[in-house]
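Chains, contacts and geometry: an overview
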Amino acid sequence: MRRIQYHRYGGPDTMRLEDFVLPSPQVREVAVSVVAAAVNPIDWKVRRGELRMMTGRSFPRAMGSDFAGTVTAVGPGVTGLKPGDQVYGIAALKPSGAFAEAVIAPASHLALKPASLPFEQAAALATPAVMASAGLINRAHLQAGQRVFVNGATGGVGEAVVQLAHALGATVTGTSGPTSMQRARALGIDHIYDYTAADPADQKELQGAFDVVYDTNGFLPAKTAMRLLNKTGIYLDINATPAKFAHAAFARRHKIFFCKPDTRTLTAAADRAAAGDIRMSIGETVSLEGATDLIASLETGRKINGKGLILTSLSN
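These remarks concern the structure in this document. If you're wondering where the values come from, they're calculated on a predicted model, not measured in any experiment.

Each value, and the rule that gives it
- Residues numbered from 1 in each chain as written.
- Predicted model: local features only at pLDDT ≥ 70, side-chain atom pairs only at ≥ 80, totals over all residues.
- Heavy atoms only, no water.
- Helix = DSSP H or I, 4+ residues; strand = E, 2+ residues; numbered from the N terminus.
- Rg over C-alpha atoms; globule rule 2.2 N^0.38 Å.
- Buried < 20%, exposed > 50% of the residue type's maximum accessible area, 1.4 Å probe, protein only.
- Contact = heavy atoms within 4.5 Å.
- Pairing = 2+ DSSP bridges.
- Right-handed = clockwise from strand over helix to strand, strands pointing away.
- Salt bridge = Lys/Arg side-chain N within 4 Å of Asp/Glu carboxyl O.

When helices and strands are counted, the protein chain shows nine helices and 16 strands. By the compact-globule yardstick of 20 Å for 316 residues, the protein chain fits well, its C-alpha radius of gyration being 19 Å. Taken over the C-alpha atoms alone, the protein chain extends approximately 60 × 40 × 35 Å along its principal axes. Counting across all 316 residues of the protein chain, residues that qualify as buried make up 55%. When contacts within the protein chain are restricted to residue pairs at least 6 apart in sequence, long-range pairs at least 24 apart make up 67% of them.

The following block contains the structure:
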């Protein structure tokens, strides 16, 4: 088998497409032949060593979190999945390994893929769907008729948040970069603001207006978020820093959380996607041979107006 891996923590130059031996799935693990994998910022953050306290120091290390494919084997204790099933989900953080021809993943991080949902859409959906559901449903308990402000509305997570909020009956205001304004409007956002132009909380009509403020790209100052909230609103934050943890310790409405995939959430997201409630934008697709160039370009800030996908079917 082949996969993208690295032999030390570092920058894009550490990535290599190399051969590896896929182990047998262990207790409650599943082996999956990967059809499509999606690139997320967490993938290069792990490779750079930003999470080394959790990922350790053993090498080589594999890359990639979100994927879709076909089950080839299941380990002891796995129920509900069998060889031949089409699935999607998220690799465990420490081993990672989705940027590959095959991957081992916990069964609890997988869900069956509806037949009508393409592999590409399923792979692009995984982390964004989990983060959207964890925030809007599990923490904010979003209700129909409420108002949501989404910072970074055209990023991967932002796109899923906007669409899930609409599906739940909320109205959505958001921010986007100047080159993505048209795509933001196509998502049906009621009011869209250019986040490079001004602090949205300086807009009088936005002050104290929202039941939920969801910062999906990590660049919204906590002070701004709190000014946008109404008296009972919730500030959702997925980009933890020491300063933000300190703020959240005193501002109880500031909720910091991480991606924790589970079969139930992934199944609900897949059903919504199959029904047309959520559709992820695909910006660029490459083979495994082109994966390192794509990852490096996204890491250095190139915008592709959608998710970057790696398709093993394009490989030689």
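With that settled, consider the sheet that holds strand β4 (residues 61-62). Spatially, the three strands line up as an open sheet ordered β2-β1-β4, and their pairing is antiparallel. Because the sheet does not close on itself, it has two edges, and the strands there are β2 (16-19) and β4. In this sheet, β2 lies alongside strand β1 (residues 2-6) in antiparallel orientation, the contact comprising four bridges. Of the residues in β2, the one forming a bridge with R3 is E18.

Looking now at the pairing of strand β12 (residues 210-215). For β12, the buried fraction is high: six of the six residues fall into the buried class. Across four bridges, the pairing between strand β9 (residues 147-151) and β12 is parallel. Residue pairing for β12: V148 is matched across the bridge by V212. One ladder, built from five bridges, connects β12 with strand β13 (residues 229-237); its direction is parallel. Bridge pairing in β13 links F210 to L229. Viewed along the sheet, the connection from β12 through helix α6 (residues 222-228) into β13 turns out right-handed.

A word on the pattern of salt bridges. Counted by the stated rule, this structure contains 13 salt bridges. A salt bridge links D13 to R8, with the nearest nitrogen and oxygen atoms 3.2 Å apart. With a relative accessible area of 48%, D13 lands in the partly exposed category. Among the salt bridges present, the one from K244 reaches D237, with a minimum N-O distance of 3.3 Å. Accessibility expressed as a relative area gives 10% for K244, which makes it buried. The structure contains a network of salt bridges with shared partners spanning R47, R48, E50 and E299.

Purely spatial values, then, with no claim about function.
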